[in-house]
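# A closer look at the structure
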Amino acid sequence: MNAAGSMREKKPFHFFEFLYKYGTLITILLLIAVFGTMTDSFLNSSNIINILRSISIVTIIAIGLTVSLAVGGFDLSVGSTASLANALVISMYVWHGQSAGLGIAITIAFCLVVGLINAFLVINFKIQDMLMTLATMFVFQGVALTYTRGATISQNMIMPNGDFATGQIPKAFGKIGQVPWIIVIMLVVVAAVHLFLNYTKHGRYMYMIGGNPEAAKLSGIAVSKYRLIAYLVSALFAAIGGIVLGARIMNAEVNAGGPYLMDAVAAAFIGYSVLGAGKPNAFGTFAGAVLIGILSNGLIMLSVPYYAMDIVKGSVLALALAITYYKRK
Amino acid sequence: MTVSAASRLEMKQISIAFPGVKALTDVDFHTAAGRVHALIGANGAGKSTLMKVLAGAYGHYTGHILMDGKEARIRSPKEAKQHGIQVVYQEVDTALIANLTVGENIMLEKTVHDMTGRHWVRWKGLHQSAQAILERMNVKVSTRKLIQDLTLAEKQMVLIARSVAMKCRFLVLDEPTAPLSKTETEQLFRLVRLLKSDGVGIIFISHRLPELFEICDDITIMRDGRLVVRDEIRKLDHQQVVEHMLGAKLDGQFPCRKREIGEICFEARGIHDSGKVNDVDLHIRRGEIVGLAGLVGAGKTELCRALFGASRASTGDMYLNGRKLRIKSPHQAVRSGIALVPEERRREGIFVDEAVSVNLTAASLSRFAKWGSWLSSAAEKKAAVEMIANLGIKTPNEQAKVKNLSGGNQQKVAIGKWLLVDADVYIFDEPTKGVDVGAKRDIYDLVAELAARGKCILYASSEISEMTGITDRVYVMYDGRMIKELESDKTNEEEILLYSTGGL
């Protein structure tokens, strides 16, 4: 470009372009301002920590989903996988008396098998990712339920033979679910995946596959291998989410991970546009989760009744999506 | 299908321009009911544009269209259909609704246009009318079968049946035989003769000379948006048709090359791919540019993809420097030292939403990764900036998104990606398709330079002038087979085109 060209670099201000890039962040700031002025305690440091703690599980699960979205996939089974991980890890302690580390290791190993099954079905049968993982979502939800015989697993629960369960949940394990560790785990996960997707060759390959699978294949990228890795990563983070969930509530409720799916999907999709990335990305997903977390927290502070919460939550999400995706033709 | 025998269609002084191009200049065309008229020309000669004008796809042409000597106003597809002009385009799948039945598809336009004020579909009547049309056409397909279960040939029959269901005085068939087998082609010809005897005027676009001479009565040859010849087809022979299609040659658009051709480096034997490529053998010497000529649909793209491991069903043996290659996927092909610049640039060659630098390093990313995977953005940027300068890619900077570049520059990016890889064999599939003249010259230079560096080049193109202009040796494909090998010095465009069109 010549000098005259670079002078004209200063482009006219595009309003919708600006919204696309910063819409989510602006919404977050607006919500903070609104809730901050309308309530006294919203901006307290304890409430801020509270918000971060409440979004940590959603964020961890959503980050796994983000990786599956990056290769152009869509792992709908993350909620079920989290439920399964929750049931497995608690049962390892309560039923089998394992140590903290071994319980976590066994749980993650089983959940990676889940990822392997998803990847195998999606890659080999060439069925749309969303449809296939919708099916496996039910399967793994059922597996988790069957494993717990449809009951909650907790310390001193009554076993089918009439005895009390004798295993104890290790103290060290419980720490994972408490501040500050739960927040630290979330931030490490976000940072690690951000670095992986943006600064390693593997992350670059994943975005290429997501952007244009045919061109990626013809560029010599091992497409199937990377799709497999993406589903393994997705299952891994769903497992971590389920384990942290278990550590937080110290038991395994029926289908405890299920409700996290839709919040995770929302967080990941809101994250597409953050800072103009235009594709699934870890930081954006985190911002999406923060938006959802602030919203829920603020509405509770404003004493909005729980049964009306979803109306407001859904509306604000729709608004956030509308201003970010309303683009010039 | 009731037509008076004297029905005539005339197009007079048709001109049309698109931004930057004059597509047609004063073209006259005329044909009559009950005649089969061949329309032929090289790529970009304007035959499809002319037929689109007739079909009412463009409203902004100048000139006149006359039916039976009376001025016919055709500016929209609807008006064209009212005058009884029906077109069956090459891409049959775009015109059919795959999850509806044959009967519904045949009667589609009747259902859309002739049901004003009625709301209930009479299924029995619909299938009876569709069945009656198919029977008259002598086509044996159940009207209740779904379109998605049909073969390509049957789909074509359904489209022709739909045209006949409406008022049909002139039927345009745009390269109908390209995807058909020999028996399917014969079936189509029977149908064409039947329609002809019913008094329908048929305009038949094809590149296959033997077919045209078999089925057509008259011929119009076009070149560069102009009419060249219109005559009865029996007054011409293959050689003359080819000469008229090519016309005078342009000189100076190809680079002069010093040829240093070494020993045989790449060899492929017995390449097969599910009916589209049949038993192809080829070899390329070091520093040699080997052309792959043939018309659209001759199997060039399929062969290129088979050599690159991008086709699932392909079989055959490949050798590089005497070593047998095991290639089941493009990933293995790239590792073995083979590179492919694919034909469909936007779909297969580039990542439109990514930056130029990301595109350029896509195939060689390992070179820019430290400790096995950590990307060095500085090294990547340096390589990208150098490549942009070397290839003369016009982009504001290496971070610009590829979708904002022009077609020629996108193609340079798609090629540049492979220059960073340093492969032994480069396969180019229609690299100058949709590229402006200046960029074309740059691409020829690039190909020549690769050859000078001792690479093996396979250059597939349906632009015949490129074969004589840039290659050392030419393989000609026809119907999935390698039918001729020619020395580029000792041949000419007429000969190549003659073999490509199945002449001789």
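Residues numbered from 1 in each chain as written. Chains lettered and ligands numbered in written order. Predicted model: local features only at pLDDT ≥ 70, side-chain atom pairs only at ≥ 80, totals over all residues.

### Focus: the overall build of chain B
The secondary structure content of chain B amounts to 19 helices and 22 strands. Taking 23 Å as the expected radius of gyration for a compact globule of 504 residues, we find that chain B reaches 25 Å, a close match to that expectation. Seen along its three principal axes, the alpha-carbon backbone of chain B occupies a region of about 75 × 50 × 45 Å. Across the 504 residues of chain B, 47% fall into the buried class. (Helix = DSSP H or I, 4+ residues; strand = E, 2+ residues; numbered from the N terminus. Rg over C-alpha atoms; globule rule 2.2 N^0.38 Å. Buried ≥ 20, exposed ≤ 12 C-beta atoms within 10 Å, placed from the backbone.)

### Some remarks on the overall build of chain A
Helix and strand content of chain A: 14 helices and zero strands. Taken against the 2.2 N^0.38 rule, which gives 20 Å for 329 residues, the C-alpha radius of gyration of chain A at 21 Å falls within 12% of a compact globule. With respect to the three principal axes, the spread of C-alpha positions in chain A is 85 × 55 × 30 Å. When each of the 329 residues of chain A is scored for burial, the buried share is 47%. Long-range pairs, those at least 24 residues apart, make up 78% of the contacts in chain A between residues at least 6 apart in sequence. (Contact = placed C-beta atoms within 7 Å.)

### Details of the sheet that holds strand E22 (residues 481-487) of chain B
Residue and element names in this part refer to chain B. Across the sheet, which stays open at both edges, the six strands sit in the order E16-E19-E20-E13-E21-E22 with mixed pairing between neighbours. Each edge of the open sheet carries a strand with a single partner, namely strand E16 (338-341) and E22. Neighbour-to-neighbour, the strand axes of this sheet turn through a mean angle of 20°, independent of strand direction. Sheet analysis places strand E13 (residues 289-293) next to strand E21 (residues 473-478), joined by four bridges and oriented parallel. (Pairing = 2+ DSSP bridges. Axes fitted to C-alpha atoms, helices over the stretch in contact; angles between N-to-C directions.)

### What about the domain arrangement of chain B?
Residue and element names in this part refer to chain B. The domain boundaries assigned to chain B delineate domain 1 (8-246) and domain 2 (264-500). Relative placement of domain 1 and domain 2: their C-alpha centres are 35 Å apart. On the domain 2 side, the residues contacting the 10 residues of domain 1 number nine residues. (Domains from an automatic or database assignment.)

### With respect to the packing of helix H4 (residues 78-94) of chain A against helix H6 (residues 129-147) of chain A
Residues and elements named next belong to chain A. Across the interface, H4 lies against H6 with an axial gap of 8 Å and an inter-helix angle of 15°. In terms of axis orientation, H4 runs roughly parallel to H6. Crossing geometry of H4 relative to H6 is assigned as left-handed. On H6, the residues that touch Gly-79, Ser-80, Thr-81, Ser-83, Leu-84 and Ala-87 of H4 are Met-137, Phe-140, Gln-141, Val-143, Ala-144 and Tyr-147. By residue class, the composition of the contact of H4 with H6 is seven nonpolar, five polar and no charged. (Parallel < 35°, antiparallel > 145°, perpendicular 65-115°, else oblique. Left-handed = near helix turned anticlockwise from the far one by under 90°. Nonpolar A, V, L, I, M, F, W, Y, C, P; charged D, E, K, R; others polar.)

### Looking at the interface of chain B and chain A
Contact residues are listed per partner, giving 24 residues for chain B and 18 residues for chain A. Those elements that provide at least two residues to the side of chain B that touches chain A are helix H12 (330-336), helix H13 (345-349) and strand E18 (374-375) of chain B. Tallying contributions element by element places H12 of chain B first for the side of chain B that touches chain A, with four residues. For the side of chain B that touches chain A, the per-class residue count stands at 15 nonpolar, four polar and five charged.

### Here's the deal with helix H1 (residues 47-54) of chain B
Residue and element names in this part refer to chain B. Buried residues dominate H1, accounting for eight of its eight residues. Taken together, the buried positions of H1 are occupied by Lys-47, Ser-48, Thr-49, Leu-50, Met-51, Lys-52, Val-53 and Leu-54. Immediately downstream of H1, the backbone of Gly-56 shows phi near 80°, a positive value.

### Regarding the pairing of E22 of chain B
A regular strand places its side chains so that they alternate between the two faces of the sheet. Residue and element names in this part refer to chain B. Bridge count between E21 and E22: six bridges; the pairing is antiparallel. Bridge pairing in E22 links Val-476 to Lys-484. Linkage of E21 to E22, two consecutive antiparallel strands, is achieved through a turn of two residues, within which Asp-479 is found at a positive phi near 55°.

### Section: the environment of Asp-489 of chain B
Looking at the secondary structure, you find Asp-489 of chain B in the loop between E22 and helix H19 (493-500). Taking the C-alpha atoms as reference points, Asp-489 of chain B and Arg-473 of chain B, separated by 16 residues in sequence, lie 8.1 Å from one another.

### Let's talk about the nonpolar core
In terms of nonpolar packing, the biggest core is built from 247 residues, with Ile-61 and Ala-264 of chain A together with Leu-54, Phe-204, Ile-427 and Val-447 of chain B touching the most fellow members. The element contributing the most residues to this core is helix H11 (residues 223-249) of chain A, with 16 residues. Lining this core are residues from two domains, each supplying at least three of them: domain 1 (8-246) and domain 2 (264-500) of chain B. Among all residues touching Leu-54 of chain B, those that are not within four sequence positions of it are Met-11, Ile-65, Ile-74, Ala-80, Ile-85 and Val-172 of chain B. (Core = buried A, V, L, I, M, F, W, Y, C linked by C-beta atoms within 7 Å.)

### Considerations on unusual backbone geometry
Here Val-179 of chain A and Pro-180 of chain A are connected by a cis peptide whose omega angle stands at 5°. Relative to the helices and strands, Pro-180 of chain A resides in the loop between helix H7 (171-176) and helix H8 (181-199). If you check the backbone angles, Asn-156 of chain A has positive phi at about 60° while not being a glycine. Positive phi, close to 45°, is recorded for Asp-26 of chain B, a residue that is not glycine. Among the secondary structure elements, Asp-26 of chain B is positioned in strand E2 (residues 21-32).

### A word on the confidence of the model for chain B
All names here are of chain B. The pLDDT averaged across chain B works out to 87; a share of 97% of its residues lies at or above 70. Counted against residues more than four places away or in other chains, residues 1-5, with its pLDDT under 50, gives 11 contacts. Confidence estimates for the predicted assembly give a pTM of 0.81 and an ipTM of 0.80. (pLDDT = per-residue confidence, 0-100.)

### Some thoughts on the sheet that holds strand E12 (residues 277-285) of chain B
Residue and element names in this part refer to chain B. Strand order in the open sheet made by the four strands is E12-E11-E14-E15, with antiparallel pairing throughout. Strand pairing shows two members of the sheet lacking a second neighbour, E12 and strand E15 (323-325), which therefore form its edges. On average, each strand axis in the sheet is inclined to that of its neighbour by 15°, with strand direction left out of account. In the sheet, strand E11 (residues 264-273) pairs with strand E14 (residues 315-320) via five bridges, with the strands oriented antiparallel. By the bridge assignment for E14, Phe-266 is matched with Leu-320. Taken strand by strand, helix H11 (residues 300-307) contacts E11, E12 and E14, and its axis lies near 115° from that of E11.

### Digging into helix H6 (residues 123-136) of chain B
Residue and element names in this part refer to chain B. Over its 14 residues, H6 runs 20 Å from end to end, which matches the ideal 20 Å to within 8%, given 1.5 Å per residue. Taken together, the buried positions of H6 are Ala-130, Ile-133 and Leu-134. In a view along the axis of H6, the buried residues occupy a sector of 100°, so they form one face of it. Facing away from the buried side of H6 by over 90 degrees, the exposed positions are Lys-124, Gly-125, Ala-132 and Glu-135. Residues of H6 that are buried in the fold lie against helix H4 (102-106) and helix H7 (152-165). Remark: Asn-138 follows H6 within two positions and exhibits a positive phi of approximately 65°. (Expected span 1.5 Å × (residues − 1). Arc of directions from axis to C-beta.)

### Here we look at the packing of helix H2 (residues 15-38) of chain A against helix H13 (residues 282-301) of chain A
Residues and elements named next belong to chain A. Orientation of H2 relative to H13, taken along the N-to-C sense of each, is 20°, at an axis distance of 10 Å. Taken together, the axis directions place H2 and H13 in an arrangement best described as roughly parallel. Considering the relative orientation of H2 and H13, their crossing is left-handed. For the pair H2 and H13, contact is made by Thr-24, Leu-25, Thr-27, Ile-28, Leu-31, Ile-32 and Phe-35 and by Ala-287, Gly-288, Val-290, Leu-291, Ile-294, Leu-295, Gly-298 and Met-301, respectively. Its residues placed into classes, the contact of H2 with H13 shows 11 nonpolar, four polar and no charged.

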